[in-house]
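Residues per chain, in single letters:
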Amino acid sequence: MHTHQNESAFDVIVVGGSYAGLSAAMQLARARRRVLVIDAGRRRNRHADRSHGFLTQDGAEAAAIAAQGRAQLRAYPNVAWANETAVAARIVGDGFDVALPDGGTVRGRRLILATGVADTLPAVDGLEERWGTSVFHCPYCHGYELDEGAIGVLAAGEASLHQALMLPDWGQVTLLLNGAFEPRQDQLAALARRGVAVERTPVARIEGRADVVLQDGRRLPLAGLFVATRTHIASPLAGQLGCALETGPMGPYVATDAQKASSVPGVFCCGDLARPAGNVALAVADGALAGIAAHRSLIPELAVLG
């Protein structure tokens, strides 16, 4: 896409065309505003075959949900799409310029960032290649399909206690400390009350579907393994614009108000970029809030309502 600064501005530029960005853009498209979506096609859940827990789409292919959303959105004639990565953003007057890799620049009166986060897994042999197929982070998304089998929680810090205490609702749980931390006595008591086994022998590697091989040679056959990843913001744009951040249990995210407005006027953030944890349903809801709020911000007369 070759669009430059001297061309007319879009009402809103949405950076990120996954579930949150699509949902935001849909609200604006239906408000008959000119919208540009910039998306490089790297959904956070691209490694997962199926998506669960999203009403009407439970068990659907994750990629198919996104593809259907794109097709429905792009049917609106006031929506433009760029299969690109937005490399920079800056405030220019009362709007924003967003730079594309080819040197072109697009201008928008408002900016919605739905660029998501990237996951960093613990350095355990065999873990990364099973991410999204038998290694997970969200029990609501993937726990039911484990059929109440043996479940492991690979500790990555104290945040893993949350997973270990929740997951007995989905199966028989073993917390693999792997030297990440040592639970306090009250935490050990809580784990015992939930029936969670605690394994202190370090993990050597993951084999088979999700079998944990310990350093002493023991093998724990598991139906699935959960891990609390560390996350980092996937795009530099929020930082370039000076959006205030908060720190969650998994990593930093952009601070927003209840309408998904960031600390920078005219910049709205939604999806995993702007919440400590999330899933498809929450991303879609966040996007709807951001899209509606961005639209309302384009109508100065609404200020008389207080």
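Just so you know, these numbers come straight off a predicted model, no measurement behind them.

It is worth spelling out the nonpolar core at this point. By size, the foremost hydrophobic cluster in this structure holds 30 residues, and its most contacted members are Leu73 and Ile112. Examining the composition of this core, we find that eight residues originate from one element, helix H1 (residues 19-30), more than from any other. Setting aside its immediate chain neighbours within four residues, Leu73 contacts Leu22, Ala25, Met26, Ala29, Val37, Val79 and Trp81. Listed in part, the 25 residues of the second largest apolar core include Leu36, Val267, Cys269 and Ala274.

Here we take up the packing of H1 against helix H7 (residues 280-297). At a minimum axis separation of 7 Å, H1 and H7 run at an interaxial angle of 35 degrees. Both H1 and H7 take part in a crossing whose hand is right-handed. Judged by residue contacts, Tyr19, Ala20, Ser23, Ala24, Gln27 and Leu28 of H1 engage Val280, Ala283, Val284, Gly287, Ala288, Gly291, Ile292 and His295 from H7. Among the residues forming the contact of H1 with H7, the class breakdown is nine nonpolar, five polar and no charged.

We now examine the sheet that holds strand E12 (residues 203-207). In spatial order, the strands read E12-E13-E14; together these three strands make up an open sheet with antiparallel pairing. Two strands lie at the open edges of the sheet, namely E12 and strand E14 (219-220), each paired on one side alone. Bridge analysis of strand E13 (residues 211-214) against E14 gives two bridges, and the strand direction is antiparallel. When the bridges of E14 are listed, Val212 appears paired with Leu220.

Let us look at a nonpolar patch on the surface. A contiguous nonpolar patch, built from Leu302, Val304 and Leu305 and spanning about 330 Å² of accessible area, is present on the exposed surface. With respect to the helices, strands and loops of the structure, Val304 is situated in the segment after H7. What makes Val304 exposed here is its relative accessible area of 73%.

The rules behind the values
Residues numbered from 1 in each chain as written. Predicted model: local features only at pLDDT ≥ 70, side-chain atom pairs only at ≥ 80, totals over all residues. Heavy atoms only, no water. Core = buried A, V, L, I, M, F, W, Y, C linked by side-chain atoms within 4.5 Å. Buried < 20%, exposed > 50% of the residue type's maximum accessible area, 1.4 Å probe, protein only. Helix = DSSP H or I, 4+ residues; strand = E, 2+ residues; numbered from the N terminus. Contact = heavy atoms within 4.5 Å. Axes fitted to C-alpha atoms, helices over the stretch in contact; angles between N-to-C directions. Left-handed = near helix turned anticlockwise from the far one by under 90°. Nonpolar A, V, L, I, M, F, W, Y, C, P; charged D, E, K, R; others polar. Pairing = 2+ DSSP bridges. Patch = residues over 30% accessible without salt bridge, like charges linked within 9 Å, V, L, I, M, F, W, Y side chains within 5 Å. Areas by Shrake-Rupley, 256 points an atom, 1.4 Å probe, with all protein chains shown as cover. Salt bridge = Lys/Arg side-chain N within 4 Å of Asp/Glu carboxyl O.

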